[in-house]
Amino acid sequence: MTAGVDDDIVDSAVDEELYACSDLDSPKSFLLFAGAGSGKTRSLVSLLERLRTEKGRRLWLGRRKVRVITYTNAACDEINRRLGFDPLIEVSTIHSFCWSLIETFHTDIREWLRTTIQQEISELRALAARGRAGTKAAIDRELSITSKERRLARLDDIRTFTYSPTGDRQGRGALGHSEVLAIAADFLIQVDGILPEILVNQYPILLIDESQDTTRRLMDAFLTVQAANRERFCLGLFGDMMQRIYADGKVGLAEALPDDWARPAKVMNHRCPPRVVQLINKIREIVDGQQQRPRTDKPEGTVRFFVLGSNTTDKRDAEARIADRMAQITGDQEWISTPASYKTLTLEHHMAARRAGFFQLFEALQQDDSLRTGLLDGSLPSLRLFTNDVLPLVQALRVNDAFAVAALTRQRSPLLSAAALKAAGDKQEDLLAEIQTAVSCLAALWSDANASPTFLEVLQVVSKFRLFEIPELLTNILRRIHAAGPDVAPSAEDEAADPQDTTTVALQNFLMTPFEEIGPYADYVSGLASSATHQGVKGLEFPRVMIVIDDEEARGFLFSYEKLFGAKGKSDTDAKNEAEGKETAIDRTRRLFYVTCSRAEQSLAVAAYSANPAAVRETVIRQGWFSEDEVEMLAH
Ligand SMILES: Nc1ncnc2c1ncn2[C@@H]1O[C@H](COP(=O)(O)OP(=O)(O)OP(=O)(O)O)[C@@H](O)[C@H]1O
């Protein structure tokens, strides 16, 4: 028996246990207790495959399904792909899941909103009564009260409520992301409510991936439903408490579960090489003592910790030099073959955007909360127009690929849709000529070799010839700035719209940024770019990983690597939280560091910019995370 086979067997009983828990006649809820790279996602998919094969017929006859909640759309797609899009297994993100539960309860949603908004207004008024007048906070509060009162006054006129997980759908009845989660949670715990009945009857098995980060309020609601239906409902939680990196996950989830839950545990790490497993075990040691075993068939692997001064001027160059050094140390030339051959993990999206080359686009759009989710996962229609329609066409034009240009316009342009061709009758030639002109006008934007047209310039050409469908929000902006030509006048509704609406302002600013940024952005959201964020790589793995740590550039306040690495002392709040047994910035940062380090399949470089390089070096060696030979000082 080889070492690899032996390793596999250690945890194989766990998959059997999960299957036994999902018994439709006597279900047992469970929490799969396992660290990074232990095969939780793999176990989830194996369980689904087995349920489909062995319970599929019974579920189908009873018109029931297995429901799976994942953290990202990408994770949903991956599970669906692996299961061949089986209708018996419904996989969705938490937001889509919650909306699917509540989307027909319009009257209840209206009443929920009425109570909630009234309560929010009372709270704001109480704050206003206590606070000083004339400050920015006071003005914002007043604005917020007015807008809530307006929403309250219009509630009875709304017949149906809508929700778009991408935040692109607007209008009076549109619900926000957090509202959808809160409404679902509240409806699920209503005594005698019908939502828990619907959930349990339709979905006797509910499996939640990355459950450590499921919003606390919802997790509590699921636990309440489970407690009331333990003989006919299996709630299966997959996750790792050490990988809880979002603020609203339920603290102490594992401890809060009743004794009758199963808690199968996995001990192997199948992803990381032994040296990385040793590192993440050390990082985790003081949190819960859980230690993993590496596979014995993996090469040892390499880790290096590079310390740089926070005053380093050319960070891209410094990071390129680190990649060179990694190639030298590991002998793995992939570190320097192409930029995308290793993954750079930065703390914030704007840092990744700067490194990847779409900083201006990102900065413009991230200003508006309702656009943020769609911006980050690439689903925003205003961006998809450019990523899915315009960019492929421009790329085909750049290489003079007439065949691709023809194919793209045929597939995507409304000018050549079946309806348009039919309507044109014997004048179809004219449509083709129109497309030709449109495409030439688009190409003309780049006729000067140094040209860098803005998104607005590109959009104007698209709009003028109706080359592609333009999302409503952009059409409205075009109307508003009179950019679409004399035949498209601003409507009365546009004139009445608030010119300071943050979504419109963000989109207008975005339109002024260079179109060139769309390629790097498209790569980023499809996961092909060489950069990603520390949080965004949850669940993923890469052969070579470079973690960039730079609190100053990150501008955040939730995480502090400077504190974790001893370059900065604890704040009064940290000390107070620590004394009260609450978590501190150091605890949160340690978990994030665990997540990022555990993505590496072969080698790992940490590039830490610090105001106190010597203290960082001393700390990571003293903690036993890195040996003296593994820490290199690049600070000047
Ligand atoms: N039993 C196994 N034998 C061989 N390889 C495995 C086994 N289980 C998992 N793997 C591999 O190990 C890697 C990690 O698995 P997976 O992503 O399922 O882990 P995870 O526990 O979900 O990780 P994380 O929580 O860190 O995201 C994957 O490449 C997977 O194919």
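Residues numbered from 1 in each chain as written. Predicted model: local features only at pLDDT ≥ 70, side-chain atom pairs only at ≥ 80, totals over all residues.

## As for the overall build of the chain
When you go through the chain residue by residue, the secondary structure sums to 31 helices and 13 strands. Relative to the compact-globule value of 26 Å for 636 residues, the chain shows a C-alpha radius of gyration of 27 Å, a close match. Here the chain, with 636 residues, has 37% of them falling under the buried criterion. Across the chain, every contact between residues at least 6 apart in sequence was considered, and the portion connecting residues at least 24 apart equals 75%. (Helix = DSSP H or I, 4+ residues; strand = E, 2+ residues; numbered from the N terminus. Rg over C-alpha atoms; globule rule 2.2 N^0.38 Å. Buried ≥ 20, exposed ≤ 12 C-beta atoms within 10 Å, placed from the backbone. Contact = placed C-beta atoms within 7 Å.)

## Quick notes on the nonpolar core
If you look at the biggest cluster of nonpolar residues, it comprises 150 residues, and the most contacted ones within it are A184, A607 and A608. Here this core takes seven residues from strand 12 (residues 600-610), the largest share from any one element. With sequence-adjacent residues up to four places away left out, A184 is seen in contact with C98, L101, I102 and L218. (Core = buried A, V, L, I, M, F, W, Y, C linked by C-beta atoms within 7 Å.)

## Section: the confidence of the model for the chain
In this model, the chain carries a mean pLDDT of 88, and residues with pLDDT of at least 70 account for 94%. Confidence drops under pLDDT 50 across residues 486-500; counting only partners more than four residues distant or on other chains, this segment forms 10 contacts. Taken over the whole predicted complex, pTM reads 0.82, whereas the ipTM for its chain interfaces reads 0.98. (pLDDT = per-residue confidence, 0-100.)

## Looking at the sheet that holds strand 8 (residues 302-309)
If you walk across this open sheet you meet the six strands as 10-9-11-12-8-13, and the pairing is parallel. Each edge of the sheet is formed by a strand with only one pairing partner; in this case those strands are strand 10 (531-533) and strand 13 (631-633). Direction aside, the axes of adjacent strands within the sheet are offset by 25° on average. Two elements, strand 8 and strand 12, share eight bridges in a ladder whose sense is parallel. Of the residues in strand 12, the one forming a bridge with V303 is L604. Sitting on the sheet, helix 12 (residues 274-288) touches strand 8 and strand 12, and the angle it makes with strand 8 is about 60°. (Pairing = 2+ DSSP bridges. Axes fitted to C-alpha atoms, helices over the stretch in contact; angles between N-to-C directions.)

## What about unusual backbone geometry?
Phi at E210 is positive, roughly 50°, even though this residue is not glycine. With respect to the element layout, E210 can be found in the loop between strand 4 (205-208) and helix 10 (216-228). Its 25 C-beta neighbours within 10 Å are what place E210 among the buried residues.

## Digging into the site of the ligand
Close contacts around the ligand come from 16 residues, with A36, G39, K40, T41 and H270 the closest. When residues in the shell around the ligand are grouped by element, the largest group, three residues, is from helix 3 (residues 40-61). Tallied by class, the residues present in the shell around the ligand amount to two nonpolar, eight polar and six charged. Looking at which domains feed residues into the shell around the ligand, each of domain 1 (7-102 + 179-269) and domain 3 (275-347 + 534-633) supplies at least three. (Near = placed C-beta within 6 Å. Nonpolar A, V, L, I, M, F, W, Y, C, P; charged D, E, K, R; others polar. Domains from an automatic or database assignment.)

## Section: the UniProt feature "binding site: ATP" (unreviewed entry) in the chain
Using the residue numbers shown here, the UniProt feature "binding site: ATP" (unreviewed entry) corresponds to A34, G35, A36, G37, S38, G39, K40 and T41. With respect to the helices and strands, the residue G35 is situated in the loop between strand 1 (30-33) and helix 3. Not counting residues up to four positions away in its chain, the partners in contact with G35 are D240, M242, N269, Q290 and Q292. Mapped onto the fold, K40 is located in helix 3. Owing to 23 C-beta atoms within 10 Å, K40 belongs among the buried residues under this scheme. (UniProt positions renumbered as here; feature names shortened; annotations may be inferred.)

## Looking at the pairing of strand 3 (residues 89-93)
In this sheet, strand 3 lies alongside strand 2 (residues 66-70) in parallel orientation, the contact comprising five bridges. Counterpart to V68 in the pairing with strand 3 is V91. Read from strand 2 through helix 4 (residues 73-82) to strand 3, the crossover connection turns out right-handed. (Right-handed = clockwise from strand over helix to strand, strands pointing away.)

## Considering helix 15 (residues 349-356)
Of all the eight residues making up helix 15, six are buried; the element is thus mostly covered by neighbouring parts of the structure. Within helix 15 the residues assigned to the buried category are H349, M351, A352, A353, R355 and A356.

## Comments concerning the sheet that holds strand 3
Within the open sheet, the five strands sit side by side as 1-5-4-2-3. Their pairing is parallel. Taken across any chain shown, the strands that pair with only one partner, and hence form the sheet edges, are strand 1 and strand 3. Neighbour-to-neighbour, the strand axes of this sheet turn through a mean angle of 15°, independent of strand direction. Docked against the sheet, helix 5 (residues 94-102) engages strand 2 and strand 3, running at close to 115° with respect to strand 3.

## What to know about helix 25 (residues 502-511)
Of all the residues in helix 25, the buried ones are T503, A506, L507, F510 and L511. Mapping the buried residues of helix 25 onto a view down its axis gives an arc of 135°, with all of them on the same face. On its buried face, helix 25 sits against helix 16 (359-365), helix 17 (369-377), helix 18 (381-398), helix 22 (455-465) and helix 23 (472-480). (Arc of directions from axis to C-beta.)

## Digging into the environment of E300
Position of E300 relative to the elements: it lies in the loop between strand 7 (293-294) and strand 8. Here E300 falls in the exposed class, since 10 other C-beta atoms lie within 10 Å of it. Counting along the chain gives 302 residues from E300 to Q602, while the straight-line C-alpha distance between them is 8.3 Å. When sequence neighbours within four positions are dropped, the list of residues in contact with E300 reads P273, P274 and R275.

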